[in-house]
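What follows is each chain in one-letter form.
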Amino acid sequence: MKTMDFNILDSIPDLDNLKTFTERYFSKRYLINVDGIKNNDMMIMFHSNRIALLSLAPSHSFFSKDENYKINFNIGKIDRLNNSVKGKSKKGGQLLSPKSVICKIEFSDESVFEVPCCMKGTLVEVNEELVQNPLLLKNMPDSDGFIAIMLASIAISEATKSELLTHEEYIKCIDCSVNKQ
Amino acid sequence: MDNKAIVKFCKEVGCCDICCLRYLGLKNPATYENYKEYIHKYTESGVEVENNSEEQQITSNPVDNINGNKDVNGCDDEPPKKKKKISICVSCLGILQEENWSECFNMVKETLEKKRYECSTFACALSAPIATLLRDKAIILHLSDAFKDYKEDTLTPLKEAWKWTFGVKLAEQIGMTLDSGAISPLLITLNMEYPDEPQELEILKKLSPSLFQERQKQRRRFTVEFTRPSVEQAMDKISLEQLKGVDKWNKIPSVDIEAKCVSAMCVHAPSYLGGRYIKLSRELPQTPWLIKGKRMMESSVQEILFEPIAKVFDLTPEDVDHRLKFMSAGREDVDVRCLGDGRPFAIEITDPRRDLTGDELKRVCKEISKGGQVIVQKLMHVSRNELSELKKGEETKCKTYEALCIKLGNENAEPNILNGKTPVAVTEEDIQRINEYRNTEAGDEARIVVKQRTPIRVLHRRPLLTRTRRIYDVVARRVPDYPQLFTLTIRTEAGTYVKEWCHGEFGRTTPSLRDAAGFRADILALDVTAVLLDWPRPQ
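Within each chain, residue numbers correspond to sequence positions counted from 1 in written order. All chains are assigned letters beginning with A, and all ligands numbers beginning with 1, in the order in which they are written. Local features in this predicted model are restricted to residues whose pLDDT is 70 or higher, and side-chain atom pairs enter the listing and the counts only when it is 80 or higher, whereas totals over whole chains, interfaces and linings include all residues. Calculated side-chain values reflect all of the structure's heavy atoms, with hydrogen atoms and water omitted.

(A) Broad picture of the pattern of salt bridges. All names here are of chain B. Criterion for a salt bridge: a side-chain nitrogen of Lys or Arg within 4 Å of a carboxyl oxygen of Asp or Glu. According to the stated counting rule, one finds 40 salt bridges over all chains in the structure shown. Of the charged contacts, one joins glutamate 367 and lysine 311 as a salt bridge, the two residues approaching to 3.0 Å between their closest N and O atoms. One end of the pair, glutamate 367, is in helix α18 (residues 358-370); the other, lysine 311, is in helix α16 (residues 301-313), with 56 residues separating them in the sequence. Within the structure, one salt-bridge network assembled from shared partners comprises Asp333, Asp335, Arg457, Lys499 and Glu500. The way it works is that DSSP assigns letters per residue, a run of H or I at least four long becomes a helix, a run of E at least two long becomes a strand, and they are numbered from the N terminus.

(B) Main features of a nonpolar patch on the surface. In this scheme, patches are assembled from residues that exceed 30% relative accessible area and form no salt bridge. Like charges are connected within 9 Å, while nonpolar side chains (Val, Leu, Ile, Met, Phe, Trp, Tyr) are connected within 5 Å. Computed by Shrake-Rupley with a 1.4 Å probe, the accessible areas treat only the displayed protein chains as cover when residues are assessed. A cluster of nonpolar side chains, contributed by Trp289, Ile291 and Met296 of chain B, occupies part of the molecular surface with about 260 Å² of accessible area. Relative to the assigned elements, tryptophan 289 of chain B resides in the loop between β5 (271-279) and β6 (290-291).

(C) Quick look at the pairing of strand β6 (residues 101-107) of chain A. All names here are of chain A. Only protein chains enter the accessibility calculation, which uses a 1.4 Å probe; a residue is then buried when its area is under 20% of its type maximum, exposed when over 50%, and partly exposed in between. Counting buried positions along β6 yields 5 of 7 residues, so the element is predominantly enclosed. As paired strands, strand β4 (residues 69-72) and β6 are joined by 4 bridges and run antiparallel to one another. Across the sheet, the residue bridging to isoleucine 71 is isoleucine 105, located in β6. Strands are treated as partners if at least two bridges between them are detected by DSSP. Bridge analysis of β6 against strand β7 (residues 112-116) gives 5 bridges, and the strand direction is antiparallel. Residue pairing in the sheet places cysteine 103 in a bridge with valine 115 of β7.

(D) Quick look at the interface of chain B and chain A. Between two residues, a contact is recorded if the distance between any of their heavy atoms is within 4.5 Å. Facing 48 residues of chain B, the contacting portion of chain A comprises 40 residues. The contact between chain B and chain A buries some 3500 Å² in all, and 67% of this surface belongs to carbon and sulfur atoms. Counting every contact that joins chain B to chain A gives 5 salt bridges. Here glutamate 125 of chain A ties to arginine 508 of chain B by a salt bridge, and the two come within 2.8 Å at their closest N and O atoms. Throughout this description, a polar contact denotes any pair of N or O atoms lying within 3.5 Å of each other; where both atoms belong to protein, one of them has to be capable of donating a hydrogen while the other can accept it, and for residues adjacent in sequence the pair is counted only when both atoms sit in side chains. There are 12 residue pairs in polar contact (both at pLDDT 80 or more) connecting chain B and chain A. Residue assignment for the side of chain B that touches chain A shows that the elements contributing at least two residues are β9 (336-349), β11 (398-410), α21 (456-459), β14 (482-493), α22 (498-503) and β16 (519-532) of chain B. Here the quantity called buried area is the total loss of accessible area, with a 1.4 Å probe, experienced by two parts when brought into contact, counted for both.

Quick look at the structure:
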């Protein structure tokens, strides 16, 4: 067998069933009405290696508001942009509890809402690009518009993952609340 | 120096013949091989008679034992004969006395039978009881006292004398040639233990109390009380007067039980095989992929390479775990093929029975390749030094990839357009844009310099860093019949995450293919087509 016989073109997949990068490697989990605030709906995307990406769920009221906004990672006492982690164990990363605020979204009409991180863990990275380019959050919440990368222990990430809504459960919940209205 | 007087002195103290020669400082192997002849030379007629008679006793007894006369003795009632045991040498604790060697020979033979080495030479090493250090030193002190010109460093080390006597006889017994450890790959180590050693070394605590009190205090650091260095340190400054002051040590104490061989270890120097593997499967990890002990993929490159080698050496799965080690110049992902000349790798075989022959290496290659997932065209023996080249190559080599990519839509178009039916098509202008893109100065050998954050897929086990990597060249081509697809031939510096460059990983690699192409893109398949490292090189 000659390796000349092999060509990248023999690996063309079924183009009708392609998955996006997010779909290939992450499973999405949801929380709705966080802190009792209606449509304060969050999404956490878990990589198979337990790294978690925080973003807003499509049903978040943010997406229905047509107003300019800025994303502020300075949440008062702490500036999330100053977060730094060292080594394999991500030492020195800011500690997060489910109610910790990751950033504030400040609209031009002076209304503000806080983005909770929704899980216990260590902050690994915030998406600094959102400061320059806030539209990413609106246009690509499940890819380039992610808000932060978090890491929890295996036990905590497993537990969080099983507590939160799966995509199917989430769709059902959203449909229900729409129907009630 | 009066050699005869020294031999006489040593004999009186209770040394065996070979130890007498050691205290004379003789260092000629031939002298030790024929020690009986030489000891005769140095023995005064008077002493000679006395000694010879003693020696007769020494040699006659074990011969009886070997001939099975022991049983005969056992049932008769002659207790005095039992008392007439050979006198055990007070210096070597019997290690150099031929009468004690048969047990050692047997243990070596047993181990060799089990391990079935096919090696014509061997080197031997002795792990002697620490008490021999103490006894050597004591005798030296006595000698220096009796003979003013006796130098402390005269003594020939026990290990050397043992090699020249025991080692030579061992060679006859096992039918192999004794060689130095620097030459023979097979090392036989005999472990000798002296039952009375713990009590005997206690006197060091009296001779050098502060040292051992200190060691006792730092028990965590010094888990073993008596070690070779600590005993040597304790004895360094001892005088004869101090030694004589400790009970039983006014003369050299006799030995009740000789040092016994407790194990014979045989180890063959590791064997290293080098080659290049071609990986044709997109469902094959390089090494076993386990998550929480659970296997994620049926096999791996490593396992496919190991199997025929394990077969040749009759290795059990546990043996394989312990004795075969896989090394390579980098790695590729499970779903990435490695084509072209393949990727350099080496296998270390610990304690091999022998080196594989050229024919066997060819057969191993055939076995590996027969499954069709991994191909190895040639395997060869490589040296340890060459391994470091393999490892260094991991950082310095450059690699060529072939990537299959898809155009997802224009920069500002709706995201998630992702199926072959969308009217998105790669244009000739797109191709040209990619092929002309550069973010470095004209003339730089790299066209694109990228900053890559540690990819999320490995972020759980690696530090978060931003690495600068160089992409030397990118050539894009359209794919016939697939308007949305294009291929890339990419030449990069080692350590570039190519998949991440192609899809941009949520903006964590910048610039990415999107910046070169002017549209969002994703990668569908990746092949490594060349690992530019000339290894292994035929001799």
